[in-house]
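Structure assessment
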Amino acid sequence: MATPSAASRPAVQQKGLMAADRRRRIVGACGMHPDHQETLKRNRVVLAKQLLLSELLEHLLEKDIITLEMRELIQAKVGSFSQNVELLNLLPKRGPEAFDAFCAALRETKQGHLEDLLLTTLSGLQHVLPPLSCDYDMSLPFPVCESCSRKQLRLSSDVVEHSLDNGDGPPCLQVKPCTPEFYQTHHQQAYRLQSRPRGLALVLSNVHFTGEKDLELRSGGEVDYSTLVGLFKLLGYDVHVRHDQTAQEMQEKLQSFAQLAAHRATDSCVVVLLSHGVEGSVYGVDGKLVQLQEVFRLFDNANCPNLQNKPKMFFIQACRGGAIGSLGHLLLFPAATASLALLSTDETDRGVDQLDGKNHARSPGCEESDAGKEELLKMRLPTQSDMICGYACLKGTAAMRNTKRGSWYVEALAQVFSERACDMHVADMLVKVNALIKEREGYAPGTEFHRCKEMSEYCSTLCRPLYLFPGYPPT
C-alpha cells in the first residue's frame, strides 16, 4: 500500500485535527465538556453541602438547563444534601452550556463564592483544549471570572468545627409508621386524620432580602425549608412552597391557600413561616411586615369554613424581638406572636355558623319568641378554634440557626415528629421539642453569645388529641 508523501503529510495532519475538532464538537453538543465535568467532580462534596437550591433551580429552568420534571425529581429528594446530589448528577448530562449556566445561576443567586471555587479549579486543570479549527461552534460560551464588585457571601471553613451541632446538613428523615393496633385504640377520641393526602401544607421560606431594612441573608434557611418539606411529605401532606416573597406576595399566597377548595376533602392543614421579623409580624423580602394575627384570621372558622372543626397547625421559625446580628455559625433574627387570640380582652366573640353543621333544638335556657314553639338552630362555633402554633423561641428572645444544619427548632421538630408521630399526639410532641431545645446551647467563645440558650413554646386551641397516624390506614 502506498504511503503518503512528505508533501501530503501536513494535509493529512490538518484533516486529522479537523476530524478531532468535529468529534469534540459532537461530544460537546451532547454533553458537558470533560474539563467542566472534572471541575464539578473535584468540588462535588463542597457543592453538595453548600448549594442553596430554591432560587437556583428557577434560574436553571429559565435557561433550559433543567426541565420541570427534573426540578420535581430534585425537590422530591429528602434533605438539601440529597437534592444537591441529584442536581450534580444531572448537570453533566445537560449539554455544553450547562456549566456556564450553572456558574451564572450561582452568581445571580448570591452564591458567588461557589462560582469562584469552580472557576479557580477549572483554570488549574492541566488538560486544556488545543486551538480549535475554524469549523468549531464558537458561539458556545466559556466561563470567565467576573471582576465586578459584588458582595461575596462566604462561609468560613471553621463554621462547623466551632459548632456544637456536629454534622453537615440535615439527616435523612425516615418517619416511623403508625401500627394498626395504635390506630384502633386511639382514633375514636382523636381528630379524624384519614384523608389522602392528610391535608395541604404551605411552606413560605424567605432567605434573600432586598428591602431598605438591610436584612441579612438567612444562611441555613434553605436547610429548614428542605427539612420541613421532606417531613410533611413523609407525613402524607400535599406540600405547597413559596420562596423569597414580598409581604404582599405572602399575604396573597396565604389568602389563596386558605381559600383552596381542596381543604374540604382533607382532614387537616399546615402553615410554616420561615423569615426575619419582629414581635407579632414576619418580614417579606422587601422589608415590609405581615401581621401574624392576620395569618391566623385567614384560617379561622369565619374565613375558612372548609377547615372548620379540622386541626390547623402553624410553625413559626423566627426570633420574637431579638436583635439581628451574626457571629460565626450563630445567627440571630426576628418574628412571631405569643398568642393565637384574635379578639381583644373586652370583645365578645359572636361566633360563626358551622358549615353543614347539625341543627339542634334551643336549650331550655334560651328565650323563645313564641312559647311552646321549638326552633332549630345552626350549630355555632367560636370564631377561632382547632389551632395549634409552635414558636421557635419565647417572646422577646432570639432563635438560633446553624448555617449548615438549619435552625435548632426545625431540627428538633423534624427529629421528634419523624420518631414519635407514630404514637404521640402533636401537643405532646411539641413538649418533647421544648425539652430538646432546653438542653442545647450556643458555642461562640469570647463573645456574649457563648453558651447562649433558646426556649421554644406552643399555644393551642385544639379540642381533641391530634395524632398524625403516619402510614395508616395503608394505601
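Placed above this text is the structure.
Source: prediction; values computed, not measured. (Residues numbered from 1 in each chain as written. Predicted model: local features only at pLDDT ≥ 70, side-chain atom pairs only at ≥ 80, totals over all residues. Heavy atoms only, no water.)

Right, let's get into the overall build of the protein chain. A tally of regular secondary structure across the protein chain gives 14 helices and 17 strands. When burial is assessed residue by residue, the protein chain has 49% of its 475 residues classed as buried. Counted over contacts in the protein chain with a minimum sequence separation of 6, partners at least 24 positions apart contribute 78%. Carbon and sulfur atoms make up 53% of the accessible area of the protein chain, which amounts to about 23100 Å² in all. (Helix = DSSP H or I, 4+ residues; strand = E, 2+ residues; numbered from the N terminus. Buried < 20%, exposed > 50% of the residue type's maximum accessible area, 1.4 Å probe, protein only. Contact = heavy atoms within 4.5 Å. Areas by Shrake-Rupley, 256 points an atom, 1.4 Å probe, with all protein chains shown as cover.)

Taken in spatial order, the six strands of this open sheet run S2-S1-S3-S7-S14-S17, and their pairing is mixed. On the outer flanks of this sheet lie strand S2 (237-243) and strand S17 (457-460), each paired with one strand and no other. On average, adjacent strands in this sheet sit at an angle of 10 degrees to one another, irrespective of strand direction. As paired elements, strand S1 (residues 199-205) and strand S3 (residues 268-274) share seven bridges and run parallel to each other. The partner of valine 203 across the bridge, within S3, is valine 272. The strands touched by helix H10 (residues 221-234) are S1, S2, S3 and strand S7 (312-317); relative to S2, the strand with the most contacts, the crossing angle is about 160 degrees. With respect to the sheet, helix H14 (residues 426-439) is in contact with S7, strand S14 (387-391) and S17, its orientation differing from that of S17 by roughly 160 degrees. (Pairing = 2+ DSSP bridges. Axes fitted to C-alpha atoms, helices over the stretch in contact; angles between N-to-C directions.)

Once that is clear, we can look at the packing of aromatic side chains. For the coordinates displayed, the defined rule picks out eleven aromatic pairs. Ring pairs connect the aromatic residues Phe182, Tyr183, Tyr467, Phe469 and Tyr472, which therefore count as one cluster. (Phe/Tyr/Trp six-rings, centres within 6.5 Å; stacked < 30°, edge-to-face > 60°.)

All right, on to unusual backbone geometry then. Of the consecutive residues arginine 196 and proline 197, the connecting peptide bond is found in the cis state with omega at 0 degrees. Counting through the fold element by element, proline 197 comes out in the loop between helix H9 (180-186) and S1. In this model, tyrosine 472 is joined to proline 473 through a cis peptide bond whose omega is -5 degrees. Relative to the helices and strands, proline 473 is located in the segment after S17. Positive phi, normally seen in glycine, also occurs at aspartate 64, with a value near 65 degrees. Position of aspartate 64 among the secondary structure elements: in the loop between helix H4 (53-62) and helix H5 (68-75). Since its relative accessible area comes to 64%, aspartate 64 is described here as exposed.

Mapped onto the secondary structure, leucine 87 falls in helix H6 (residues 80-90). Not counting chain neighbours up to four residues away, the residues in contact with leucine 87 comprise Leu51, Leu53, Leu56, Leu57, Leu60, Ile66, Ile74 and Phe102.

What follows concerns helix H2 (residues 34-42). Turning to H2, its buried residues number three or more, namely Asp35, His36, Thr39 and Leu40. Mapping the buried residues of H2 onto a view down its axis gives an arc of 135 degrees, with all of them on the same face. When the buried face of H2 is taken as reference, the exposed residues oriented beyond 90 degrees from it are Lys41 and Arg42. Where H2 is buried, its residues meet helix H3 (44-50), helix H7 (98-108) and helix H8 (112-124). (Arc of directions from axis to C-beta.)

Before going further, it helps to spend a moment on the environment of phenylalanine 182. Checked against the element boundaries, phenylalanine 182 lands in helix H9. Separated by 287 residues in the primary sequence, phenylalanine 182 and phenylalanine 469 place their C-alpha atoms 8.7 Å from one another. If we ignore the near neighbours within four places in the chain, the residues touching phenylalanine 182 are Cys422, Asp423, Met424, Tyr467 and Phe469.

The next thing to look at is the pattern of salt bridges. On inspection of all chains with the given rule, the structure shows eleven salt bridges. Its salt-bridge partner being glutamate 115, residue arginine 107 comes within 2.4 Å of it at the nearest N-O pair. Look at glutamate 115 and you get buried, because its relative accessible area is 1%. Arginine 440 is the salt-bridge partner of glutamate 411, the closest N and O atoms lying 3.4 Å from each other. You can see glutamate 411 sitting in helix H13 (residues 408-420) and its partner arginine 440 sitting in the loop between H14 and S17, a full 29 residues away along the chain. Residue arginine 440 is classed as buried on the basis of its relative accessible area of 19%. Three or more residues joined by partner-sharing salt bridges are found here, namely Arg405, Glu411 and Arg440. (Salt bridge = Lys/Arg side-chain N within 4 Å of Asp/Glu carboxyl O.)

For the rest of this paragraph, the subject is the packing of H5 against H6. Running from N to C, H5 and H6 cross one another at 145 degrees; their axes reach a closest spacing of 8 Å. Each of Met70, Leu73, Ile74 and Gln75 in H5 lies in contact with H6, whose residues at this interface are Gln83, Glu86, Leu87 and Leu90. Considered class by class, the residues forming the contact of H5 with H6 number five nonpolar, two polar and one charged. (Nonpolar A, V, L, I, M, F, W, Y, C, P; charged D, E, K, R; others polar.)

Looking now at the sheet that holds strand S6 (residues 289-291). The sheet built from three strands is open, its strands ordered S4-S5-S6 with antiparallel pairing. The open sheet has two edge strands with one neighbour each: strand S4 (277-278) and S6. Relative to strand S5 (residues 281-283), S4 runs antiparallel, the two being bridged by two bridges. Each bridged residue has a counterpart across the sheet, and for valine 278 the counterpart in S5 is serine 281.

Counting 53 residues, the largest nonpolar core has Tyr237, Phe315, Phe417 and Leu468 as the members making the most contacts within it. Tallying contributions element by element places H13 first for this core, with eight residues. What leucine 468 contacts, discounting residues up to four positions off in sequence, is Leu193, Arg198, Leu235, Tyr237, Met313, Phe417, Ala421, Val426 and Met429. Counting residues in hydrophobic clusters, the runner-up holds 30 residues, among them Leu47, Leu51, Leu61 and Leu118. (Core = buried A, V, L, I, M, F, W, Y, C linked by side-chain atoms within 4.5 Å.)

Another point: the pairing of S7. Each regular strand carries side chains that alternate between the two faces of the sheet. The buried count for S7 comes to six of six residues, which makes it a mostly enclosed element. Side chains of S7 alternate between two faces, with Lys312, Phe314 and Ile316 and Met313, Phe315 and Gln317 buried alike. The sheet contact formed by S3 and S7 spans six bridges and is parallel. By the bridge assignment for S7, valine 272 is matched with phenylalanine 315. Summarising the sheet, S7 and S14 pair through five bridges and their orientation is parallel. Residue pairing across strands places isoleucine 316 opposite tyrosine 391, the latter belonging to S14.

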